[in-house]
Amino acid sequence: MLPASPDTTAARAAVDLMNAVSAADVIGLRVDQLPGELIAEVLNVHPRNGFVDAVLRALQHQAVRKPQSTIAGLFRTVSFEKLMRGCPLDSR
């Protein structure tokens, strides 16, 4: 649970952690730095069946609804769909 005040160090650390794990999950950012056994265990408990397609549809919808959003910018400036489809977690 986050502390009551959103500007605390603990809250910032929680936000940073959420960003890091989201990037690892969605595009595979830095998963090469995680132990293979940990990844295998997580994927065994939480298989990625259809993950990319479902999340990609939701993010594309959001990008259309809010063209000035961060995700819309990612679709415009980097090949975000290609990054998602190339996530190394999906090849395990």
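Now for a description of the structure that goes with this document.

The rules behind each value
- Residues numbered from 1 in each chain as written.
- Predicted model: local features only at pLDDT ≥ 70, side-chain atom pairs only at ≥ 80, totals over all residues.
- Heavy atoms only, no water.
- Helix = DSSP H or I, 4+ residues; strand = E, 2+ residues; numbered from the N terminus.
- Contact = heavy atoms within 4.5 Å.
- Areas by Shrake-Rupley, 256 points an atom, 1.4 Å probe, with all protein chains shown as cover.
- Lys, Arg positive; Asp, Glu negative; His and termini not counted.
- Charge placed at Lys NZ, Arg CZ, Asp CG, Glu CD.
- Salt bridge = Lys/Arg side-chain N within 4 Å of Asp/Glu carboxyl O.
- Buried < 20%, exposed > 50% of the residue type's maximum accessible area, 1.4 Å probe, protein only.
- Axes fitted to C-alpha atoms, helices over the stretch in contact; angles between N-to-C directions.
- Parallel < 35°, antiparallel > 145°, perpendicular 65-115°, else oblique.
- Nonpolar A, V, L, I, M, F, W, Y, C, P; charged D, E, K, R; others polar.
- Core = buried A, V, L, I, M, F, W, Y, C linked by side-chain atoms within 4.5 Å.

### A closer look at the overall build of the protein chain
Next up, step 1: Across its full length, the protein chain holds 5 helices and 0 strands.
Next up, step 2: Reading the secondary structure of the protein chain in the N-to-C direction produces α-α-α-α-α.
Next up, step 3: Along the first, second and third principal axes, the C-alpha set of the protein chain runs to 40 × 35 × 20 Å.
Next up, step 4: Within the protein chain, contacts between residues at least 6 apart in sequence are counted, and of these 56% link residues at least 24 apart.
Next up, step 5: For the protein chain, the accessible area works out to roughly 6800 Å², and carbon and sulfur atoms hold 59% of it.
Next up, step 6: Within the protein chain, the 9 negative side-chain charges are centred at a point lying 10 Å from the centre of the 10 positive side-chain charges.

### As for the pattern of salt bridges
Next up, step 1: Summed over all chains, the structure comprises 5 salt bridges.
Next up, step 2: Here D53 ties to R85 by a salt bridge, and the two come within 2.9 Å at their closest N and O atoms. Note that D53 is positioned in helix α3 (residues 51–65) and R85 in helix α5 (residues 80–85), a separation of 32 residues in sequence.
Next up, step 3: Take D53: its relative accessible area is 36%, and that puts it in the partly exposed class.
Next up, step 4: The network of salt bridges with common partners includes D25, R48 and D90.

### Observations regarding the side chain of R48
Next up, step 1: Topologically, R48 is positioned in the loop between α2 (36–45) and α3.
Next up, step 2: In this structure, R48 is in contact with D25, L43, C87, L89 and D90, ignoring residues within four places of it in sequence.

### What to know about the packing of α3 against helix α4 (residues 70–77)
Next up, step 1: At a minimum axis separation of 8 Å, α3 and α4 run at an interaxial angle of 100 degrees. In terms of orientation, α3 and α4 fall into the roughly perpendicular class. Mapping the contact onto sequence places L56, L59, Q60, Q62 and A63 in α3 and I71, A72 and F75 in α4.
Next up, step 2: Counted by class, the contact of α3 with α4 contains 6 nonpolar, 2 polar and no charged residues.

### What to know about the nonpolar core
Next up, step 1: Counting 8 residues, the largest nonpolar core consists of V26, V52, L56, A63, I71, A72, F80 and M84.
Next up, step 2: Per element, the largest residue contribution to this core is 3 residues, and it comes from α3.
Next up, step 3: A72 has contacts with A63, K66 and P67, leaving out every residue within four places of it along the chain.
Next up, step 4: Ranked by size, the runner-up nonpolar core spans 6 residues in total, among them A24, V31, I39 and C87.

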